[in-house]
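Here's the letter readout for the chains.
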Amino acid sequence: MKKKATVLVSGGAGYIGSHTAVELIAAGYDVVIADNLSNSDRTAVEGVRAITGVDVPFVEVDCCDRAAFRKVFEAYDFDSVIHFAASKAVGESVRMPLEYYRNNLTSLMNVIDLMRESGRSNIVFSSSCTVYGEPEKQPVTERTPRKPATSPYGNTKQMCEDILRDSIAAYDGLKGIALRYFNPIGAHPSALIGEQPRGVPQNLVPYITQTAAGIRECLSVFGDDYPTPDGSCIRDYIDVVDLAKAHVAAIARMIEDRNAERYEIFNIGTGRGVSVLELVRRFEQVNGLKLRYKIAPRREGDIVAIWADPTRANEELGWHAERSLDETLAAAWAWERRVREA
Ligand code: UD1
(Lines give C-alpha, C1' and ligand atoms only; values in the text may rest on other atoms or scores of the structure.)
Protein backbone atom coordinates (compact mmCIF):
# COMPACT_ATOMS: atom_id res chain seq x y z
CA MET A 1 0.00 0.00 0.00
CA LYS A 2 1.22 3.51 -0.79
CA LYS A 3 2.33 5.29 2.35
CA LYS A 4 0.20 8.21 3.39
CA ALA A 5 1.06 10.92 5.91
CA THR A 6 2.55 10.46 9.37
CA VAL A 7 0.34 11.10 12.41
CA LEU A 8 1.52 11.87 15.95
CA VAL A 9 -0.79 10.12 18.42
CA SER A 10 -0.52 11.67 21.88
CA GLY A 11 -1.91 9.32 24.50
CA GLY A 12 -1.38 6.52 21.99
CA ALA A 13 -0.74 3.93 24.72
CA GLY A 14 -4.22 4.55 26.12
CA TYR A 15 -7.46 2.75 25.40
CA ILE A 16 -8.78 4.74 22.44
CA GLY A 17 -5.33 5.92 21.34
CA SER A 18 -3.93 2.40 20.90
CA HIS A 19 -6.94 1.28 18.84
CA THR A 20 -6.62 4.39 16.70
CA ALA A 21 -2.92 3.76 16.10
CA VAL A 22 -3.84 0.31 14.75
CA GLU A 23 -6.52 1.66 12.40
CA LEU A 24 -4.26 4.46 11.13
CA ILE A 25 -1.59 1.91 10.22
CA ALA A 26 -4.18 -0.36 8.61
CA ALA A 27 -5.24 2.61 6.48
CA GLY A 28 -1.67 3.25 5.32
CA TYR A 29 -0.54 6.00 7.68
CA ASP A 30 2.71 6.05 9.64
CA VAL A 31 2.26 6.58 13.36
CA VAL A 32 4.39 7.98 16.18
CA ILE A 33 3.07 7.32 19.68
CA ALA A 34 3.76 9.76 22.53
CA ASP A 35 2.51 8.94 26.03
CA ASN A 36 3.61 9.62 29.62
CA LEU A 37 2.18 6.25 30.76
CA SER A 38 0.42 7.99 33.67
CA ASN A 39 -2.74 5.99 33.08
CA SER A 40 -1.61 3.52 30.42
CA ASP A 41 0.83 0.77 29.86
CA ARG A 42 3.75 0.00 27.58
CA THR A 43 2.11 -3.35 26.78
CA ALA A 44 -0.47 -1.44 24.72
CA VAL A 45 2.33 -0.25 22.44
CA GLU A 46 3.53 -3.86 22.19
CA GLY A 47 -0.03 -4.82 21.30
CA VAL A 48 -0.18 -2.23 18.52
CA ARG A 49 3.12 -3.54 17.14
CA ALA A 50 1.96 -7.16 17.33
CA ILE A 51 -1.32 -6.48 15.55
CA THR A 52 0.16 -4.35 12.78
CA GLY A 53 3.57 -5.97 12.40
CA VAL A 54 5.02 -2.45 12.38
CA ASP A 55 7.70 -1.31 14.81
CA VAL A 56 5.77 1.82 15.73
CA PRO A 57 8.01 4.49 17.31
CA PHE A 58 7.10 5.20 20.93
CA VAL A 59 8.30 8.20 22.96
CA GLU A 60 7.65 8.35 26.71
CA VAL A 61 6.93 12.01 27.22
CA ASP A 62 4.53 14.27 29.09
CA CYS A 63 2.73 16.68 26.76
CA CYS A 64 2.69 19.18 29.63
CA ASP A 65 6.50 19.33 29.54
CA ARG A 66 6.81 21.64 26.58
CA ALA A 67 10.59 21.42 26.18
CA ALA A 68 10.54 17.62 26.21
CA PHE A 69 7.50 17.48 23.94
CA ARG A 70 9.15 19.91 21.49
CA LYS A 71 11.85 17.29 20.91
CA VAL A 72 9.19 14.94 19.50
CA PHE A 73 8.17 17.66 17.05
CA GLU A 74 11.83 18.07 16.07
CA ALA A 75 12.60 14.38 15.76
CA TYR A 76 9.65 13.24 13.65
CA ASP A 77 8.21 14.43 10.38
CA PHE A 78 4.41 14.60 10.70
CA ASP A 79 1.75 17.08 9.69
CA SER A 80 -1.17 15.79 11.78
CA VAL A 81 -1.73 15.18 15.48
CA ILE A 82 -4.45 13.24 17.25
CA HIS A 83 -4.50 14.49 20.80
CA PHE A 84 -5.85 11.88 23.23
CA ALA A 85 -3.54 12.56 26.15
CA ALA A 86 -5.77 13.65 29.04
CA SER A 87 -7.16 12.59 32.39
CA LYS A 88 -10.67 11.20 32.16
CA ALA A 89 -12.14 10.08 35.47
CA VAL A 90 -15.18 12.16 36.37
CA GLY A 91 -15.13 11.45 40.15
CA GLU A 92 -11.38 11.97 40.46
CA SER A 93 -11.73 15.33 38.70
CA VAL A 94 -14.12 16.50 41.41
CA ARG A 95 -11.53 15.62 44.07
CA MET A 96 -8.53 16.96 42.12
CA PRO A 97 -9.79 19.84 39.97
CA LEU A 98 -6.46 21.64 39.62
CA GLU A 99 -4.70 18.52 38.39
CA TYR A 100 -7.42 18.08 35.78
CA TYR A 101 -7.37 21.69 34.59
CA ARG A 102 -3.58 21.77 34.56
CA ASN A 103 -3.11 18.49 32.73
CA ASN A 104 -5.91 18.66 30.19
CA LEU A 105 -5.63 22.34 29.29
CA THR A 106 -1.82 22.61 29.35
CA SER A 107 -1.29 19.57 27.18
CA LEU A 108 -3.70 20.80 24.50
CA MET A 109 -2.22 24.31 24.56
CA ASN A 110 1.27 22.85 24.21
CA VAL A 111 0.19 20.75 21.24
CA ILE A 112 -1.34 23.75 19.49
CA ASP A 113 1.63 25.98 20.29
CA LEU A 114 4.17 23.45 19.05
CA MET A 115 2.12 22.81 15.91
CA ARG A 116 2.02 26.53 15.20
CA GLU A 117 5.69 27.02 15.98
CA SER A 118 6.71 24.22 13.63
CA GLY A 119 4.11 24.70 10.89
CA ARG A 120 2.04 21.56 11.47
CA SER A 121 -1.54 21.70 10.16
CA ASN A 122 -4.11 19.19 11.39
CA ILE A 123 -5.36 18.28 14.84
CA VAL A 124 -8.07 15.92 16.02
CA PHE A 125 -9.26 16.50 19.58
CA SER A 126 -10.95 13.92 21.85
CA SER A 127 -14.10 15.55 23.10
CA SER A 128 -17.08 13.94 24.78
CA CYS A 129 -20.85 13.87 24.75
CA THR A 130 -20.50 15.08 28.34
CA VAL A 131 -20.49 18.63 26.85
CA TYR A 132 -24.27 18.26 26.24
CA GLY A 133 -25.05 17.64 29.91
CA GLU A 134 -28.61 16.33 30.39
CA PRO A 135 -30.15 17.04 26.99
CA GLU A 136 -33.73 18.21 26.62
CA LYS A 137 -34.23 16.30 23.37
CA GLN A 138 -32.88 13.01 22.03
CA PRO A 139 -30.93 12.25 19.98
CA VAL A 140 -28.39 15.07 20.27
CA THR A 141 -26.98 16.72 17.17
CA GLU A 142 -23.87 18.90 17.06
CA ARG A 143 -26.21 21.89 17.17
CA THR A 144 -27.75 20.78 20.49
CA PRO A 145 -26.62 23.47 22.94
CA ARG A 146 -23.87 22.63 25.38
CA LYS A 147 -24.91 22.77 29.03
CA PRO A 148 -22.80 23.98 31.95
CA ALA A 149 -20.43 21.17 32.86
CA THR A 150 -21.18 19.17 36.01
CA SER A 151 -17.57 18.13 36.72
CA PRO A 152 -14.10 19.61 36.26
CA TYR A 153 -13.47 16.80 33.76
CA GLY A 154 -16.49 17.82 31.68
CA ASN A 155 -15.46 21.43 31.99
CA THR A 156 -12.00 20.66 30.58
CA LYS A 157 -13.65 19.12 27.50
CA GLN A 158 -15.72 22.26 26.94
CA MET A 159 -12.77 24.57 27.58
CA CYS A 160 -10.51 22.54 25.29
CA GLU A 161 -13.09 22.72 22.49
CA ASP A 162 -13.11 26.51 22.92
CA ILE A 163 -9.32 26.77 23.04
CA LEU A 164 -9.14 24.80 19.80
CA ARG A 165 -11.88 26.83 18.10
CA ASP A 166 -10.32 30.16 19.05
CA SER A 167 -6.81 29.07 18.09
CA ILE A 168 -7.94 27.92 14.68
CA ALA A 169 -9.77 31.21 14.15
CA ALA A 170 -6.65 33.15 15.07
CA TYR A 171 -3.91 31.12 13.39
CA ASP A 172 -3.95 30.52 9.65
CA GLY A 173 -2.75 27.14 8.59
CA LEU A 174 -4.31 25.30 11.51
CA LYS A 175 -7.28 22.96 10.97
CA GLY A 176 -9.07 20.93 13.60
CA ILE A 177 -11.81 18.42 14.22
CA ALA A 178 -13.33 17.75 17.64
CA LEU A 179 -14.91 14.32 17.93
CA ARG A 180 -17.55 14.07 20.62
CA TYR A 181 -17.40 10.44 21.73
CA PHE A 182 -20.41 8.76 23.25
CA ASN A 183 -19.59 5.71 25.43
CA PRO A 184 -16.64 3.77 24.00
CA ILE A 185 -16.59 0.06 24.90
CA GLY A 186 -15.13 -3.23 23.65
CA ALA A 187 -11.68 -4.18 22.46
CA HIS A 188 -9.73 -5.12 19.37
CA PRO A 189 -10.89 -8.51 17.95
CA SER A 190 -7.35 -9.87 18.37
CA ALA A 191 -7.72 -9.33 22.15
CA LEU A 192 -4.19 -7.89 22.08
CA ILE A 193 -5.32 -4.41 23.15
CA GLY A 194 -8.29 -3.22 25.20
CA GLU A 195 -9.27 -1.15 28.21
CA GLN A 196 -6.98 -1.48 31.25
CA PRO A 197 -8.50 0.46 34.14
CA ARG A 198 -6.32 0.86 37.21
CA GLY A 199 -7.97 -0.11 40.46
CA VAL A 200 -11.73 -0.47 40.73
CA PRO A 201 -13.34 0.30 37.35
CA GLN A 202 -15.63 3.33 37.30
CA ASN A 203 -17.12 2.58 33.89
CA LEU A 204 -19.84 0.06 33.25
CA VAL A 205 -18.32 -2.45 30.84
CA PRO A 206 -14.98 -2.95 32.62
CA TYR A 207 -16.97 -3.47 35.83
CA ILE A 208 -19.14 -6.04 34.06
CA THR A 209 -16.20 -7.98 32.62
CA GLN A 210 -14.33 -7.95 35.94
CA THR A 211 -17.45 -9.20 37.70
CA ALA A 212 -17.80 -11.99 35.15
CA ALA A 213 -14.13 -12.83 35.74
CA GLY A 214 -14.73 -13.07 39.50
CA ILE A 215 -12.56 -10.08 40.41
CA ARG A 216 -15.57 -8.03 41.54
CA GLU A 217 -18.25 -9.71 43.55
CA CYS A 218 -21.31 -8.07 42.10
CA LEU A 219 -22.18 -5.30 39.67
CA SER A 220 -24.20 -2.41 41.09
CA VAL A 221 -26.75 -1.09 38.62
CA PHE A 222 -26.97 2.56 39.60
CA GLY A 223 -30.69 3.28 39.70
CA ASP A 224 -33.79 1.51 38.35
CA ASP A 225 -36.22 4.34 38.99
CA TYR A 226 -35.24 6.65 36.15
CA PRO A 227 -37.93 7.75 33.69
CA THR A 228 -36.85 5.20 31.05
CA PRO A 229 -38.64 2.02 29.87
CA ASP A 230 -36.85 -0.29 32.34
CA GLY A 231 -35.87 2.41 34.86
CA SER A 232 -32.09 2.26 34.21
CA CYS A 233 -30.00 4.93 32.44
CA ILE A 234 -29.62 5.00 28.68
CA ARG A 235 -26.35 5.56 26.78
CA ASP A 236 -25.01 5.21 23.25
CA TYR A 237 -22.30 2.53 23.44
CA ILE A 238 -19.83 2.83 20.58
CA ASP A 239 -17.36 0.09 19.68
CA VAL A 240 -13.79 1.27 20.24
CA VAL A 241 -12.63 -0.03 16.83
CA ASP A 242 -15.45 1.88 15.11
CA LEU A 243 -14.50 4.93 17.15
CA ALA A 244 -10.86 4.51 16.13
CA LYS A 245 -11.89 4.50 12.47
CA ALA A 246 -13.69 7.82 12.93
CA HIS A 247 -10.28 9.36 13.74
CA VAL A 248 -8.83 7.97 10.52
CA ALA A 249 -11.74 9.51 8.60
CA ALA A 250 -11.19 12.85 10.37
CA ILE A 251 -7.49 12.90 9.45
CA ALA A 252 -8.30 12.00 5.83
CA ARG A 253 -10.86 14.79 5.66
CA MET A 254 -8.40 17.42 6.85
CA ILE A 255 -5.72 16.26 4.45
CA GLU A 256 -7.88 15.71 1.40
CA ASP A 257 -11.02 17.86 1.56
CA ARG A 258 -10.12 21.43 0.77
CA ASN A 259 -13.75 22.56 1.01
CA ALA A 260 -14.21 21.49 4.61
CA GLU A 261 -14.53 24.14 7.31
CA ARG A 262 -11.30 24.70 9.25
CA TYR A 263 -12.90 23.73 12.57
CA GLU A 264 -15.56 21.05 12.71
CA ILE A 265 -17.34 19.00 15.37
CA PHE A 266 -18.76 15.51 14.93
CA ASN A 267 -20.78 13.25 17.20
CA ILE A 268 -19.35 9.74 17.19
CA GLY A 269 -22.00 7.30 18.32
CA THR A 270 -24.27 4.60 16.94
CA GLY A 271 -27.52 6.55 17.15
CA ARG A 272 -28.96 3.82 19.38
CA GLY A 273 -29.75 4.21 23.05
CA VAL A 274 -29.23 1.11 25.24
CA SER A 275 -30.14 0.85 28.93
CA VAL A 276 -27.83 -0.50 31.61
CA LEU A 277 -30.11 -3.50 32.20
CA GLU A 278 -30.34 -4.22 28.47
CA LEU A 279 -26.56 -4.13 28.23
CA VAL A 280 -26.21 -6.54 31.15
CA ARG A 281 -28.69 -8.96 29.54
CA ARG A 282 -26.96 -8.80 26.14
CA PHE A 283 -23.60 -9.41 27.79
CA GLU A 284 -24.98 -12.51 29.52
CA GLN A 285 -26.63 -13.85 26.38
CA VAL A 286 -23.83 -13.34 23.91
CA ASN A 287 -21.18 -14.74 26.25
CA GLY A 288 -23.34 -17.51 27.68
CA LEU A 289 -22.89 -16.63 31.35
CA LYS A 290 -24.73 -15.23 34.34
CA LEU A 291 -23.67 -11.99 35.91
CA ARG A 292 -24.15 -11.20 39.58
CA TYR A 293 -25.78 -7.81 39.81
CA LYS A 294 -27.95 -5.84 42.18
CA ILE A 295 -29.93 -2.64 41.93
CA ALA A 296 -28.15 0.15 43.83
CA PRO A 297 -28.97 3.82 44.45
CA ARG A 298 -28.47 6.33 41.69
CA ARG A 299 -24.89 7.54 41.19
CA GLU A 300 -24.44 11.23 41.79
CA GLY A 301 -23.88 13.24 38.61
CA ASP A 302 -25.33 10.62 36.24
CA ILE A 303 -27.68 11.84 33.55
CA VAL A 304 -30.81 9.87 32.65
CA ALA A 305 -30.27 9.36 28.96
CA ILE A 306 -28.21 10.45 26.00
CA TRP A 307 -27.69 9.09 22.53
CA ALA A 308 -26.24 10.53 19.35
CA ASP A 309 -27.57 11.69 16.07
CA PRO A 310 -24.49 10.67 14.06
CA THR A 311 -25.86 11.94 10.71
CA ARG A 312 -23.18 14.59 10.26
CA ALA A 313 -20.36 12.07 10.74
CA ASN A 314 -22.17 9.61 8.45
CA GLU A 315 -22.52 12.16 5.67
CA GLU A 316 -19.46 14.36 5.98
CA LEU A 317 -16.86 11.88 7.24
CA GLY A 318 -18.37 8.92 5.39
CA TRP A 319 -18.10 7.09 8.72
CA HIS A 320 -20.63 4.64 10.18
CA ALA A 321 -20.65 2.52 13.32
CA GLU A 322 -20.36 -1.00 11.93
CA ARG A 323 -19.90 -3.51 14.72
CA SER A 324 -22.97 -4.87 16.48
CA LEU A 325 -23.39 -4.56 20.24
CA ASP A 326 -23.08 -8.35 20.50
CA GLU A 327 -19.74 -8.42 18.68
CA THR A 328 -18.53 -5.60 20.88
CA LEU A 329 -19.56 -7.31 24.13
CA ALA A 330 -17.97 -10.57 22.99
CA ALA A 331 -14.74 -8.71 22.26
CA ALA A 332 -14.83 -7.02 25.69
CA TRP A 333 -15.12 -10.42 27.36
CA ALA A 334 -12.40 -12.00 25.19
CA TRP A 335 -10.06 -9.17 26.18
CA GLU A 336 -10.82 -9.56 29.90
CA ARG A 337 -10.14 -13.29 29.73
CA ARG A 338 -6.85 -12.73 27.94
CA VAL A 339 -5.73 -10.17 30.53
CA ARG A 340 -6.48 -12.71 33.29
CA GLU A 341 -4.57 -15.49 31.51
CA ALA A 342 -1.51 -13.32 30.87
C1 UD1 B 1 -18.75 9.09 31.91
C2 UD1 B 1 -18.76 10.52 31.43
C3 UD1 B 1 -18.06 10.61 30.11
C4 UD1 B 1 -16.67 10.08 30.22
C5 UD1 B 1 -16.77 8.63 30.65
C6 UD1 B 1 -15.39 8.03 30.77
C7 UD1 B 1 -20.64 11.90 32.03
C8 UD1 B 1 -22.06 12.26 31.76
N9 UD1 B 1 -20.12 10.96 31.27
O10 UD1 B 1 -19.69 8.41 31.12
O11 UD1 B 1 -17.99 11.94 29.69
O12 UD1 B 1 -16.03 10.20 29.00
O13 UD1 B 1 -17.45 8.54 31.89
O14 UD1 B 1 -14.85 8.09 32.02
O15 UD1 B 1 -20.01 12.45 32.90
N16 UD1 B 1 -23.14 2.17 35.69
C17 UD1 B 1 -23.65 1.24 36.58
N18 UD1 B 1 -22.79 0.54 37.38
C19 UD1 B 1 -21.43 0.73 37.33
C20 UD1 B 1 -20.91 1.68 36.41
C21 UD1 B 1 -21.79 2.39 35.61
O22 UD1 B 1 -24.87 1.04 36.66
O23 UD1 B 1 -20.71 0.09 38.09
C24 UD1 B 1 -24.06 2.89 34.80
C25 UD1 B 1 -24.02 4.40 34.98
O26 UD1 B 1 -24.96 4.81 35.94
C27 UD1 B 1 -24.37 4.87 33.58
C28 UD1 B 1 -23.85 3.78 32.65
O29 UD1 B 1 -23.65 2.64 33.48
O30 UD1 B 1 -25.76 4.92 33.44
C31 UD1 B 1 -22.53 4.14 31.98
O32 UD1 B 1 -21.63 4.58 32.98
P33 UD1 B 1 -20.09 4.86 32.66
O34 UD1 B 1 -19.51 3.71 31.90
O35 UD1 B 1 -19.42 5.28 33.92
O36 UD1 B 1 -20.12 6.08 31.62
P37 UD1 B 1 -20.83 7.51 31.74
O38 UD1 B 1 -21.06 7.89 33.14
O39 UD1 B 1 -21.97 7.51 30.81
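The rules we used
Residues numbered from 1 in each chain as written. Predicted model: local features only at pLDDT ≥ 70, side-chain atom pairs only at ≥ 80, totals over all residues. Heavy atoms only, no water. Helix = DSSP H or I, 4+ residues; strand = E, 2+ residues; numbered from the N terminus. Rg over C-alpha atoms; globule rule 2.2 N^0.38 Å. Buried < 20%, exposed > 50% of the residue type's maximum accessible area, 1.4 Å probe, protein only. Contact = heavy atoms within 4.5 Å. Lys, Arg positive; Asp, Glu negative; His and termini not counted. Charge placed at Lys NZ, Arg CZ, Asp CG, Glu CD. Axes fitted to C-alpha atoms, helices over the stretch in contact; angles between N-to-C directions. Parallel < 35°, antiparallel > 145°, perpendicular 65-115°, else oblique. Left-handed = near helix turned anticlockwise from the far one by under 90°. Nonpolar A, V, L, I, M, F, W, Y, C, P; charged D, E, K, R; others polar. Disulfide = S-S within 2.5 Å. Expected span 1.5 Å × (residues − 1). Arc of directions from axis to C-beta. Pairing = 2+ DSSP bridges. Core = buried A, V, L, I, M, F, W, Y, C linked by side-chain atoms within 4.5 Å. Near = heavy atom within 4 Å. Polar contact = N/O pair within 3.5 Å; in protein donor to acceptor, adjacent residues only side chain to side chain. Areas by Shrake-Rupley, 256 points an atom, 1.4 Å probe, with all protein chains shown as cover.

## Things to note about the overall build of the protein chain
- Per the secondary structure count, the protein chain includes eleven helices and 13 strands.
- For 342 residues, the compact-globule formula gives about 20 Å, and the C-alpha radius of gyration of the protein chain, at 19 Å, lands near that figure.
- Its C-alpha atoms give the protein chain principal-axis dimensions of about 55 × 45 × 40 Å.
- Across the 342 residues that make up the protein chain, the buried fraction comes to 54%.
- Sequence-distant contacts in the protein chain: of pairs separated by 6 or more residues, those separated by 24 or more amount to 80%.
- Seen as two clouds, the 41 positive and the 47 negative side-chain charges of the protein chain have centres 1 Å apart.

## Considering unusual backbone geometry
- Here Gln138 and Pro139 are connected by a cis peptide whose omega angle stands at -10°.
- With a phi close to 60°, Leu37 is a non-glycine residue in the positive phi region.
- With respect to the helices and strands, Leu37 occurs in the loop between strand S2 (30–35) and helix H2 (42–52).
- Of note, Ala191 is a non-glycine position whose phi angle comes to about 60°, a positive value.
- Mapping Ala191 onto the fold places it in the loop between strand S7 (183–185) and helix H7 (204–212).

## Description of the packing of H7 against helix H9 (residues 276–287)
- One can describe the packing of H7 onto H9 by two numbers: an axis separation of 11 Å at closest approach and a directional angle of 40°. Between H7 and H9, the angle is such that the two are oblique. Seen along the crossing, H7 lies across H9 with a hand that is right-handed. Touching Leu204, Val205, Ile208, Thr209 and Ala212 of H7 are Val276, Leu279, Val280 and Phe283, all from H9.
- A class-by-class count of the residues in the contact of H7 with H9 yields eight nonpolar, one polar and no charged.

## Things to note about the state of the cysteines
- With the rule as written, the count across this model stands at zero disulfides.
- This cysteine, Cys63, is not joined by any disulfide, and Cys64 carries the nearest cysteine sulfur, 6.8 Å off.
- No disulfide involves Cys218; its sulfur sits 17 Å from that of Cys233, the nearest cysteine.

## Considerations on H9
- Look at H9: 17 Å from first C-alpha to last across twelve residues, which is about the 16 Å you get at 1.5 Å a residue.
- Considered for burial, the residues of H9 that qualify are Val276, Leu277, Leu279, Val280, Phe283, Glu284 and Asn287. The buried side chains of H9 occupy one side of the element, clustering within an arc of 165° when seen end-on.
- Where the residues of H9 are buried, they touch H7, strand S8 (219–222), strand S10 (237–239), strand S12 (274–275), strand S13 (293–296) and helix H11 (325–341).
- Gly288 sits one or two residues past H9 and shows a positive phi near 60°.

## Considerations on the pairing of strand S11 (residues 263–268)
- Within S11, six of the six residues are buried, which leaves it mostly tucked inside the rest of the structure.
- Alternating residues of S11 divide into Tyr263, Ile265 and Asn267 and Glu264, Phe266 and Ile268, and every residue in both groups is buried.
- Note: strand S6 (residues 175–181) against S11, six bridges, orientation parallel. Paired with Tyr181 across the bridge in S11 is Ile268.

## Details of H2
- Listed in full, the buried residues belonging to H2 are Ala44, Val45, Gly47 and Val48. On an axial view of H2, the arc spanned by its buried residues comes to 155°, and they lie on one face.
- Buried residues along H2 sit in contact with helix H1 (15–26) and strand S3 (58–60).
- At the exit of H2 stands Gly53, carrying a positive phi of roughly 70°.

## Focus: the sheet that holds strand S1 (residues 6–10)
- The strand order across the open sheet built from seven strands is S3-S2-S1-S4-S5-S6-S11, with neighbouring strands paired in parallel fashion. The strands lining the two open edges of the sheet, one partner per strand, are S3 and S11. Across the sheet, the axes of successive neighbouring strands diverge by a mean angle of 20°, strand direction being ignored.
- Both strand S4 (residues 80–83) and strand S5 (residues 122–128) contribute to a ladder of four bridges, which runs parallel. Across the sheet, residue Val81 finds its bridge partner in S5, namely Ile123.
- Across the face of the sheet, helix H8 (residues 240–256) comes into contact with S1, S4, S5, S6 and S11 while running at roughly 160° to S6.

## A few points about the nonpolar core
- In this structure, Leu24, Tyr29, Val31, Leu179, Ile268, Leu317 and Trp319 are the most contacted members of the largest nonpolar core, which totals 41 residues.
- Mapped by element, the contributors of at least two residues to this core are S1, H1, S2, H2, S6, H8, S11 and helix H10 (311–317).
- With ten residues, the single largest contributor to this core is H8.

## A word on the site of the ligand
- Surrounding the ligand, one finds 20 residues, the nearest of these being Leu204, Ser220, Arg235, Arg299 and Asp302.
- Here an oxygen atom of the ligand and a side-chain polar atom of Arg299 are 2.9 Å apart.
- The protein chains hide 89% of the 750 Å² of surface that the ligand would expose on its own.
- It is S8 that contributes the most residues to the shell around the ligand, four residues altogether.
- Its residues assigned to classes, the shell around the ligand comprises ten nonpolar, six polar and four charged.

From the geometry alone we can't say anything about function, so treat these as descriptive.
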